[in-house]
Amino acid sequence: MTLISQTWRLIPFLQANGKLQMAIDQWLLQQHQSGHPPSLRFYTWSPSAISLGYHQRNYSEHWQNLTWKGEQIDLIRRPTGGRAVLHKGDLTYAVVTSGLSGSRIEMYKKICEFLIEGWQNLGIELDYGVAGRGYIKNPNCFGTATVADLVTVDGSKLIGSAQLRRGNVVLQHGSMNFKPDVELFKKVFGEDLDRVVVGENLAIERIIAALVDAGEKCFEVKFEEKALSNHEWEEIFGIVESQSEN
């Protein structure tokens, strides 16, 4: 793979609500647009949430007031495209980079290389999905697997990803659904989760470590872990506030 950058920023793992997580991803995109290094981060959603694609209008009204075991399920809109994703028992990755050539699908595959290699090192083989354009009628991201998604050898979807491009800068983030709550999934989407659960005994720390190692190899970079500064947090909270006003 063509060398993209010598050093990427690795943001420490964060568990936070969906609005904040999406604001961080959007902020990282803006940072890279202004000349800062590419970045990689991993995070989880608390409270649990359903994220909608930026242009998604086809979804169930009951999602707006959904609770599960006494907890309100957030309904969040992503800055990226795609369909609805239930964020409970998953780990999300986000890559912000630039200089990738080719079509959108080719860009997906260039970024997904580190996911395939990282999970392979954890003993789980992944490949690309094969669903056609009919997927757009299904509001559930994990209901079908397109060539932008990663599936196990039995065809079960493990990772669903979405992209946002601004010029030559790309934000790609995705949900690695390795510990799904099958009961909540059925309550949200009205259907059974048709997949074999894999990786449920893996600790998040181990998954992240394997993916970071794979990322350095696939992107031919070194990661420098750097926490968000107080000033950076102020800028991110400003994005959250502006989105809340819209």
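Below is a short write-up of the structure. (Residues numbered from 1 in each chain as written. Predicted model: local features only at pLDDT ≥ 70, side-chain atom pairs only at ≥ 80, totals over all residues. Heavy atoms only, no water.)

### Quick look at the packing of helix H2 (residues 104-121) against helix H4 (residues 204-219)
At their nearest, the axes of H2 and H4 sit 8 Å apart, and the two run at 135° to each other. Here H2 is positioned oblique relative to H4, judged by the angle of their axes. Crossing hand, H2 versus H4: right-handed. Within the contact between the two elements, H2 uses Lys 110, Ile 111, Glu 113, Phe 114, Leu 115, Glu 117, Gly 118 and Trp 119 and H4 uses Ile 207, Ala 210, Leu 211, Ala 214, Gly 215, Lys 217, Cys 218 and Phe 219. (Axes fitted to C-alpha atoms, helices over the stretch in contact; angles between N-to-C directions. Helix = DSSP H or I, 4+ residues; strand = E, 2+ residues; numbered from the N terminus. Parallel < 35°, antiparallel > 145°, perpendicular 65-115°, else oblique. Left-handed = near helix turned anticlockwise from the far one by under 90°. Contact = heavy atoms within 4.5 Å.)

### Comments concerning the sheet that holds strand S12 (residues 169-176)
Reading across the sheet, the 8 strands line up as S9-S10-S11-S12-S8-S2-S1-S13 and stay open at both edges, with mixed pairing between neighbours. Every other strand in the sheet has two partners, leaving strand S9 (127-128) and strand S13 (222-225) as the edge strands with one partner each. Summarising the sheet, strand S2 (residues 39-45) and strand S8 (residues 91-98) pair through 5 bridges and their orientation is antiparallel. Within S8, the position partnered with Tyr 43 by the bridge is Thr 92. Sheet strands in contact with H2 are S2, S8, S9, strand S10 (150-151), strand S11 (157-166) and S12, and its direction is about 140° off that of S11. (Pairing = 2+ DSSP bridges.)

### Regarding the pattern of salt bridges
Per the stated rule, a full pass over the model turns up 5 salt bridges. The salt bridge involving Glu 117 is made with Lys 217; its shortest N-O contact spans 3.3 Å. Residue Glu 117 is located in helix H2, and its partner Lys 217 is located in helix H4; the two are separated by 100 residues in the primary sequence. A salt bridge links Lys 157 to Asp 149, with the shortest nitrogen-to-oxygen separation between them at 3.1 Å. Overall, Lys 157 belongs to the buried group, its relative accessible area being 5%. For Asp 149, a relative accessible area of 3% translates into the label buried. (Salt bridge = Lys/Arg side-chain N within 4 Å of Asp/Glu carboxyl O. Buried < 20%, exposed > 50% of the residue type's maximum accessible area, 1.4 Å probe, protein only.)

### Focus on the sheet that holds strand S7 (residues 85-87)
Ordered in space as S6-S3-S7, the 3 strands form an open sheet in which the pairing is mixed. One side of each edge strand has no neighbouring strand; the edge strands of this open sheet are strand S6 (74-77) and S7. Averaged over neighbouring strand pairs, the angle between their axes works out to 25° when direction is ignored. Strand direction decides the pairing type here: strand S3 (residues 49-52) and S7, joined by 3 bridges, are antiparallel. The residue bridging Ala 49 from the neighbouring strand is His 87, located in S7.

### Details of the nonpolar core
Among the nonpolar cores identified, the biggest contains 36 residues, and Phe 42, Phe 114, Leu 115, Trp 119, Ile 159 and Met 176 are the most heavily contacted of them. Mapped by element, the contributors of at least two residues to this core are strand S1 (7-16), S2, S8, H2, S11, S12 and H4. Per-element tally for this core: the top contributor is H4, with 8 residues. Listed in part, the 22 residues of the second largest apolar core include Ile 11, Met 22, Ile 24 and Leu 28. (Core = buried A, V, L, I, M, F, W, Y, C linked by side-chain atoms within 4.5 Å.)

### Some points on helix H3 (residues 182-189)
Buried within H3 are the following residues: Leu 184, Phe 185, Val 188 and Phe 189. Down the axis of H3, the buried side of the element spans an arc of 110°, and every buried residue falls inside it. Against S3, strand S4 (67-68) and S7 lie the buried residues of H3. Capping the start of H3, Asp 181 holds a side-chain oxygen 3.2 Å from the backbone nitrogen of Glu 183, two or three residues further along. One or two steps after H3, the chain reaches Gly 190, where phi turns positive at roughly 70°. (Arc of directions from axis to C-beta. Polar contact = N/O pair within 3.5 Å; in protein donor to acceptor, adjacent residues only side chain to side chain.)

### Regarding unusual backbone geometry
Geometrically, the link from Ser 46 to Pro 47 is a cis peptide bond, its omega value of 5° lying close to zero. At Lys 69, a position not held by glycine, the phi torsion is positive, near 55°. Topologically, Lys 69 is positioned in the loop between S4 and strand S5 (71-72). One non-glycine residue, Glu 220, lies in positive phi territory at about 55°. For Glu 220, the position within the fold is in the loop between H4 and S13. For Glu 220, a relative accessible area of 38% puts it in the partly exposed group.

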